[in-house]
Amino acid sequence: MPQFHPPLRDHLFCLYDLLGFESHTRLPGFEAFSRDVIEAVLEQSARFCSDVLYPLNRSADEEGVHFENGVVTTPKGFREAYSQLVAGGWPSLTASPEHGGQGMPHMVNFLFEEMLNGANLSFGLFPGLTRGAYVLLTEQGSAEQVAQYGPKLASGEWAGSMCLTEAHCGTDLGLLKTQAVPRGDGSYSLSGTKIFISAGEHDLTPNIVYFVLARLPDAPKGSKGISLFLVPKLLVDEDGSLAARNGISCGAVEHKMGIHGCPTCVMNLDGATGWLVGEANQGLKAMFSMMNTERIAVGIHGLAVAEASYQNAVAYARERLQGRAPSGPRDAAKPADPIIVHPDVRRMLMTQRALTEGCRMLALWTAQALDVSERHADAAVRKQADGFVALMTPVVKAFLTDCGSEVANLGVQVLGGHGFIRANGQEQYVRDVRITQIYEGTNGVQSADLLGRKVLHLDLFDSFARPVKSFVERHEGNEALDEFLEPLAASYDLLQDATWMIRERAASHPEEAGAAAVDYMRLFALTALAYLWARAAEVSLPKSNEDFHRAKLSTARFFMQRILPDTASLHARIVSGAAPVMELDEAMF
Ligand SMILES: Cc1cc2nc3c(=O)[nH]c(=O)nc-3n(C[C@H](O)[C@H](O)[C@H](O)COP(=O)(O)OP(=O)(O)OC[C@H]3O[C@@H](n4cnc5c(N)ncnc54)[C@H](O)[C@@H]3O)c2cc1C
């Protein structure tokens, strides 16, 4: 029977041992979050996720959502679980106390989101989108809009949804056609059709707040002519009570590969009433408040599924008896040894473990910078942290979701044929996590953002390079750490070399950056993981008499020796340039 237990011990390791959360609570507003408080929050959330949400994971996958006459009903148990989520105050962990939120660090919320989505990804999408909508509203909305919708979104009493995609425009939002016509009373009439809208319609909340991208009648062509609108499902009276149904409705629900418990909707806007958010024609820029939040959140979904799949695989590998250990029987009284004795099964489990724990460190390192970028008293420190978050956002989104898929696939393989059978839980992870590599900007597009915009255009590489170089320099001559430092330094050299080379080539060859982007992203991310695994080793070496820390060191060694060497082939691929990718004539495909 598949099980899910949030990995609290590793969460605490990342927070306190690795990233020094004690000093993080010196940031203004975080003073009350002592270790006792944080541990209590994590333990309670772990209980909620494993006891309430996880049991609904497979039944929701089997049942899916129901669609009839524009009404969407979520799978059995979702409504009750959602009420408990809201009653527990979980959606408002990071929301401002001004709106009834708890003002908690992103670092803690990231861990909560990992547990939530590891337990039940389909369910986790609802509060995830609502949090993104809250962030967008509070960053871009008018004071009046924030007062009207902020507290309801913060608490999760109302849900949020983002409406960007249209049939003819996914990645290239400049092509969108939905129209917004001013009514002369400050509101707009919106008409058009959006597709693929997650949680576009459902029965979990009485109201849904849509953030819709549309075009004003006189808007310039392309992405410079996009504006952002707030469109509620039910209009809201001045006293906050719900009024008439607005002209936005669900026309169909997609049948899809995974996340069956979360509806993916066609949304029709037929003269729906909306209000401009921010300035006219600046909508795409404003929408990035939500998109950046969601990109990091989607990365965490990859991590979450990886953890769940790994746990399932380990439990199976301990119990399944097949063959004998190459070094001789473990237990001669049994007909065979558990498959965990086989080196190839160990290879798979260690890969799952090293990637999952590495991705967790990467997510939390980014979350730490996100907190600093919002809270630090010194504006220069805030700005620097902001640059780092901008650099790491596409890495977290793309690498963590790539790893989610890789780890979930390994999970199926560990179970052999039983991995392919629904009841064992592993195949659902493969199906559920696959979309995370596609939505919120495909991973190819994230890689192009990392290389083209963040590294080459905005020159943010140094915000990553600085801590890595200073760590390596600080520990030079530390023999105990050498086995971790050397591969880190070698990988960093490859990354730096690739960065210089692409910068030079891209200046005169427009296809170079695009051809290198995905390999560059992985090279970058593996180097970041090497840095974090080296830091984890530094922390664990003095405590290697404890099982937990000994396991950290073994996993760090596996990462350095069995995963990091991929950086050499990634570098070689980048060096080969755009020619082998582009040479074949288009007509020959
Ligand atoms: C289940 C699901 C839920 C979704 N939820 C939402 C939602 O809530 N709200 C919403 O607005 N949208 C949502 N989407 C839409 C999703 O964000 C898009 O599908 C995604 O951005 C890709 O767009 P597309 O499917 O049109 O692919 P396309 O843009 O057509 O891309 C096809 C391929 O071409 C590549 N490509 C395209 N342009 C470039 C380029 N310039 N450079 C390099 N490669 C390129 C892509 O990487 C991809 O491999 C959802 C989609 C799905 C399937």
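Please refer to the structure higher up on the page.
Keep in mind that what you see is a predicted model, and the values were worked out from it rather than measured. (Residues numbered from 1 in each chain as written. Predicted model: local features only at pLDDT ≥ 70, side-chain atom pairs only at ≥ 80, totals over all residues. Heavy atoms only, no water.)

**Q** Describe the environment of Val181, and please don't skip the residues or the numbers.
**A** For Val181, the position within the fold is in strand β4 (residues 179-182). For Val181, a relative accessible area of 39% corresponds to the partly exposed category. For the pair Val181 and Leu216, spaced 35 residues apart in sequence, the C-alpha separation works out to 6.1 Å. When neighbours within four sequence positions are excluded, Val181 is seen to be in contact with Ser187, Tyr188, Ser189 and Pro217. (Helix = DSSP H or I, 4+ residues; strand = E, 2+ residues; numbered from the N terminus. Buried < 20%, exposed > 50% of the residue type's maximum accessible area, 1.4 Å probe, protein only. Contact = heavy atoms within 4.5 Å.)

**Q** So what about the packing of aromatic side chains? Which residues, and what values?
**A** Considering all chains together, one arrives at 19 aromatic pairs under this definition. Taken together, a centroid distance of 5.2 Å and an interplanar angle of 15° make the contact between Trp90 and Phe112 stacked. Here Trp90 is found in the loop between α5 (78-87) and α6 (106-119), whereas its partner Phe112 is found in helix α6, with 22 residues between them in sequence. Look at Trp90 and you get buried, because its relative accessible area is 8%. (Phe/Tyr/Trp six-rings, centres within 6.5 Å; stacked < 30°, edge-to-face > 60°.)

**Q** I'd like a rundown of the site of the ligand, residues and numbers included.
**A** Taken together, 15 residues lie around the ligand, and Thr165, Thr171, Phe196, Ser198 and Thr442 are the ones closest in. Within the side chain of Thr171, one N or O atom sits 2.5 Å away from an oxygen atom of the ligand. A distance of 2.7 Å separates a nitrogen atom of the ligand from a polar backbone atom of Phe196. Relative to its free-state accessible area of 970 Å², the ligand is covered by the protein chains to the extent of 59%. Those elements that place two or more of their residues in the shell around the ligand are β3 (159-163) and β5 (188-198). The dominant element in the shell around the ligand, judged by the number of residues it contributes, is β5, at three residues. Partitioning the shell around the ligand into residue classes produces eight nonpolar, six polar and one charged. (Near = heavy atom within 4 Å. Polar contact = N/O pair within 3.5 Å; in protein donor to acceptor, adjacent residues only side chain to side chain. Areas by Shrake-Rupley, 256 points an atom, 1.4 Å probe, with all protein chains shown as cover. Nonpolar A, V, L, I, M, F, W, Y, C, P; charged D, E, K, R; others polar.)

**Q** Could you give an account of the nonpolar core, naming the residues involved and the relevant values?
**A** If you look at the biggest cluster of nonpolar residues, it comprises 161 residues, and the most contacted ones within it are Phe211, Met287, Leu362, Phe399, Tyr520, Phe524 and Phe559. Here this core gets 19 residues from one element, more than from any other, and that element is helix α16 (residues 512-540). Membership of the second largest hydrophobic core comes to 22 residues, among which are Ile197, Ala214, Cys250 and Ala272. (Core = buried A, V, L, I, M, F, W, Y, C linked by side-chain atoms within 4.5 Å.)

That is the geometry; function is a separate question.
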